[in-house]
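Here's the letter readout for the chains.
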Amino acid sequence: MAETYDSSSPRMRTREDLYQLIRSREQVTRAELVELTGMSRSTVNHAIGKLLTEGRVTETDMQTKGPGSGSGRPATGLKVVVSGAPVAAIDFGHNHIHVAIGDALGGLLAEQRARINVDLRANDAMDFAAELLGKLRREVGADQLSALVAGIPGPVDTKTGLVRSSTILSSWVGLAPAQELERRTGLEVHVENDALLGAFGERKAGAGRQHPTFLYIKASHGIGAGLVLGGELYKGVTGVAGEIGHTYLAGRTELCRCGNRGCLEAVVSVQSLLEQVAHTHPTVDADALTLDALDDTITHRLLNEAGRILGGVLADLCNLLNPGALIIGGELGAAGTSLLEGVEASVERYAQPATAAVVEILPAALGVRAELTGGLLLAAFRSAR
Ligand SMILES: [Zn+2]
């Protein structure tokens with residue numbers, strides 16, 4: 001089952017594309033829109049007319065003129081109208097909570113991050129997140145919030161809103177996180193799997209803008225995938241699609257948080273890489289170690305090998321889905337090019353040449369903020385409809 005977050009008719013989709021393009025720039029002229037999109041002038045004018053009538057964009061004199069425009073009428077620019085109450089997002093990682101407030105369009109206003117064990121202490125984590133959000137609201141003076149979207153690092157049942165997987169987030173099982181957070185914040189809350197939010201963020205404002213069909217991989221303390229197929233998020237029958245972190249790797253015996261051995265995320269994760277790096281760098285303070293701190297051959301080799309293992313799993317998914325891009329997010333996606341080169345090597349080696357030839361391997365353009373950004377954008381989208 002796919003959930004449609006894009007408008008359905010081609011006309012509305014065109015209008016939405018133009019709106020997002022205007023939004024991604026400070027201001028832009030109609031001529032620039034024609035050039036950027038390759039659409040005809042009349043199509044652009046028609047869509048802009050609608051957006052102006054709806055009050056979603058406004059016309060202004062361009063603040064700075066380009067070279068050679070010294071005389072004559074100042075060009076008219078278009079910019080989006082920000083009106084309405086701000087929105088909020090919470091990103092629960094396995095080991096952190098990241099909270100943000102955005103404007104009515106989902107643009108970031110303020111954020112805060114804290115470390116806490118989210119897996120084993122669901123109620124504490126939600127108490128803490130609500131407290132952090134309250135503090136942030138007071139700081140930016142956001143008395144009214146129109147929507148809150150929260151991402152959690154496990155599957156959310158699309159029919160019941162319950163966390164179902166007893167193996168992935170054990171202390172969250174049977175909880176309805178949306179209701180729990182509503183009770184704590186007094187806001188209407190929508191909960192999604194975090195990788196899906198990352199995929200939404202990248203689709204709307206990151207590396208997925210040019211790719212209607214791509215896989216977003218959140219590679220951090222766990223590994224999850226958000227699938228965007230033909231412009232739409234794909235969640236599966238009950239919302240569990242994308243749990244690729246528990247793919248069995250033949251011959252591996254590492255114990256996973258899910259109780260099995262040899263799962264992908266038991267072998268490739270921030271934790272396992274930090275342990276390997278600490279092992280090969282006995283003089284470095286292990287507690288202060290981060291993956292991007294070291295720039296040496298051994299670390300690059302470890303990251304490359306992790307990328308090759310991840311890429312082996314992704315190669316099978318390329319054969320299945322023929323995506324235009326694999327967008328690697330999370331802390332591992334942000335750890336540099338060695339890991340991505342490893343992914344690329346395995347995709348080239350194991351995916352069918354016809355699928356390997358068309359898939360781009362990209363880091364998340366929004367970096368480790370993809371989930372939070374996706375949460376703010378989805379909150380804005382939900383409060384606007
Ligand atoms: Zn597992």
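Residues numbered from 1 in each chain as written. Predicted model: local features only at pLDDT ≥ 70, side-chain atom pairs only at ≥ 80, totals over all residues. Heavy atoms only, no water.

Draft legend 1. Here's a closer look at unusual backbone geometry. Its identity as a non-glycine residue notwithstanding, N322 has a phi of 50°, on the positive side. The residue N322 is located in the loop between α9 (297-321) and β12 (325-329) in this model. Since its relative accessible area comes to 43%, N322 is described here as partly exposed. (Helix = DSSP H or I, 4+ residues; strand = E, 2+ residues; numbered from the N terminus. Buried < 20%, exposed > 50% of the residue type's maximum accessible area, 1.4 Å probe, protein only.)

Draft legend 2. Region of interest: the coordination of the zinc ion. Bound to the zinc ion are the protein donor atoms H246 (ND1), C256 (SG), C258 (SG) and C263 (SG), situated 2.0 to 2.4 Å from the metal. Coordination at the zinc ion is tetrahedral: its four donor atoms span angles of 105 to 120° at the metal. The sequence pattern formed by the donor residues of the zinc ion is H-x9-C-x1-C-x4-C. For C256, a relative accessible area of 7% puts it in the buried group. (Donors = N, O, S within 2.8 Å, 3.2 Å for Na, K, Ca; no water. Tetrahedral: all angles 85-135°; square planar, octahedral: opposite > 155°, others 65-115°.)

Draft legend 3. Highlighting empty space enclosed by the protein. Throughout the structure, instances matching the rule amount to three cavities of 30 Å³ or more. Lining the largest cavity are 19 residues, with H94, P153, D194, G222 and I223 positioned closest to its centre. Contributions of two or more residues to the lining of the largest cavity are made by α6 (194-205) and β10 (223-229). Classifying every residue of the lining of the largest cavity by side-chain character gives four nonpolar, 10 polar and five charged. No fewer than three residues from each of domain 2 (87-198) and domain 3 (207-365) sit in the lining of the largest cavity. (1 Å grid on protein atoms, 1.4 Å probe; cavity = no way out; pocket = protein on both sides within 12 Å on 5 of 7 lines; lining within 4 Å. Points joined across faces, edges and corners; volume = space filled by probe spheres on them. Nonpolar A, V, L, I, M, F, W, Y, C, P; charged D, E, K, R; others polar. Domains from an automatic or database assignment.)

Draft legend 4. Representation of helix α3 (residues 41-53) within the structure. In this model α3 runs 18 Å from its N-terminal to its C-terminal C-alpha over 13 residues, within 8% of the 18 Å that 1.5 Å per residue would give. Listed as buried for α3 are V44, A47, I48 and L51. The buried residues of α3 occupy an angular sector of 100° when the element is viewed end-on, so they sit on one face. Of the exposed residues in α3, those oriented more than 90 degrees away from the buried face are S42 and T53. (Expected span 1.5 Å × (residues − 1). Arc of directions from axis to C-beta.)

Draft legend 5. Layout of the pattern of salt bridges. Inspection of the entire model under this criterion finds 13 salt bridges. One salt bridge connects R56 with E16, and the closest N-O pair in it is separated by 3.3 Å. Note that R56 is positioned in the loop between α3 and β2 (57-61) and E16 in helix α1 (residues 10-23), a separation of 40 residues in sequence. On the basis of relative accessible area, R56 is assigned to the partly exposed category, the value being 25%. Residue E16 is classed as buried on the basis of its relative accessible area, which comes to 17%. Among the salt bridges present, the one from D127 reaches R184, with a minimum N-O distance of 2.7 Å. Here R184 lies in helix α5 (residues 177-185) and D127 lies in helix α4 (residues 122-140), a separation of 57 residues in the sequence. Ionic contacts of the salt-bridge type, sharing partners, join the residues R15, E16, E54 and R56 into one network. (Salt bridge = Lys/Arg side-chain N within 4 Å of Asp/Glu carboxyl O.)

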